[in-house]
Amino acid sequence: MKTLDLGFVDRILAVNETTIWTQKNLSINEDYLQDHFPSFPVMPGVLMVQAAVESAGWWLKRQHDFKVSGICLKEVQNVRLASFLSPGQVLVLEVQVLSVASGEADFQVKARREES
């Protein structure tokens, strides 16, 4: 069985007509953790945003029979990173579509941290 590379997303938990739920398991073996605060390894916020963008992309691909090859982030609003994500923790993303029109889509993302 071929494994699909999901980027910063490790697993698609569920998907429906308006929402996709994904997860990222943060491992100490992540390359970027060697340089990003080596004595206090945490996932950079920009990579959390990247995981959300990739999740939205997977929702779009599924909705359009995988005819969408990629997406481009245009704008991010009202981002609030309330806590760190450390190795051994899991980032769970809930990405809900707000609108899709004229080659653009708006999404709202909620994230939570869980222990692995």
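All of these numbers come straight from a predicted model, not from anything done at the bench. (Residues numbered from 1 in each chain as written. Predicted model: local features only at pLDDT ≥ 70, side-chain atom pairs only at ≥ 80, totals over all residues. Heavy atoms only, no water.)

Caption draft 1: Structural context of the pattern of salt bridges. Taken as a whole and judged by the stated rule, the model has four salt bridges. A salt bridge links E30 to K24; its shortest N-O distance comes to 2.9 Å. Judged by relative accessible area, K24 falls into the buried class, the value being 4%. Taking the shortest distance from any N to any O, the salt bridge between E104 and K74 comes out at 3.2 Å. Linking E104 in strand β4 (residues 104-115) with K74 in the loop between α1 (45-63) and β3 (89-101), this pair joins segments that are 30 residues apart in sequence. (Salt bridge = Lys/Arg side-chain N within 4 Å of Asp/Glu carboxyl O. Buried < 20%, exposed > 50% of the residue type's maximum accessible area, 1.4 Å probe, protein only. Helix = DSSP H or I, 4+ residues; strand = E, 2+ residues; numbered from the N terminus.)

Caption draft 2: Representation of the packing of aromatic side chains in the model. If you walk through the whole model with that rule in mind, you get four aromatic pairs. Both rings, one in W59 and one in F107, keep their centres 6.0 Å apart while their planes meet at 80°; by these two values the pair is edge-to-face. Taken together, the positions of W59 in helix α1 and F107 in strand β4 put the pair 48 residues apart, joining distant regions of the chain. Classification of F107 as partly exposed rests on a relative accessible area of 23%. Lying over the aromatic face of W58, K61 brings its terminal NZ or CZ to 4.3 Å of the ring centre. (Phe/Tyr/Trp six-rings, centres within 6.5 Å; stacked < 30°, edge-to-face > 60°. Lys NZ or Arg CZ within 6 Å of the ring centre and 35° of its normal.)

Caption draft 3: Unusual backbone geometry, seen in detail. Even without being glycine, F66 reaches a positive phi, approximately 60°. With respect to the element layout, F66 can be found in the loop between α1 and β3. One non-glycine residue, N78, adopts positive backbone phi at about 55°. When you line up the elements, N78 lands in the loop between α1 and β3.

Caption draft 4: Inspection of the nonpolar core at higher detail. Counting residues in each nonpolar core, the largest one holds 20 residues, and the members touching the most others are L26, Y32, M43, L85 and L93. Mapped by element, the contributors of at least two residues to this core are α1 and β3. The dominant element in this core, judged by the number of residues it contributes, is α1, at eight residues. Those residues in contact with L93, other than ones at most four positions away along the chain, are I20, W21, T22, A51, A52, S55, V109, K110 and A111. (Core = buried A, V, L, I, M, F, W, Y, C linked by side-chain atoms within 4.5 Å. Contact = heavy atoms within 4.5 Å.)

Caption draft 5: Layout of a nonpolar patch on the surface. Together, L73, V76, V79 and L81 make up an exposed nonpolar region whose accessible area comes to about 350 Å². Looking at where L81 falls in the secondary structure, it is placed in the loop between α1 and β3. (Patch = residues over 30% accessible without salt bridge, like charges linked within 9 Å, V, L, I, M, F, W, Y side chains within 5 Å. Areas by Shrake-Rupley, 256 points an atom, 1.4 Å probe, with all protein chains shown as cover.)

Caption draft 6: Representation of the sheet that holds strand β1 (residues 11-15) within the structure. Read from one edge of the open sheet, four strands run β1-β2-β3-β4, paired in antiparallel fashion. The open sheet has two edge strands with one neighbour each: β1 and β4. With direction set aside, neighbouring strand axes in the sheet form an average angle of 20°. Two strands pair when backbone bridges link them, and β1 and strand β2 (residues 19-25) are joined in this way by four bridges, in the antiparallel orientation. Residue pairing across strands places A14 opposite W21, the latter belonging to β2. Strands β1, β2, β3 and β4 of the sheet are contacted by α1, whose axis makes an angle of about 50° with β3. (Pairing = 2+ DSSP bridges. Axes fitted to C-alpha atoms, helices over the stretch in contact; angles between N-to-C directions.)

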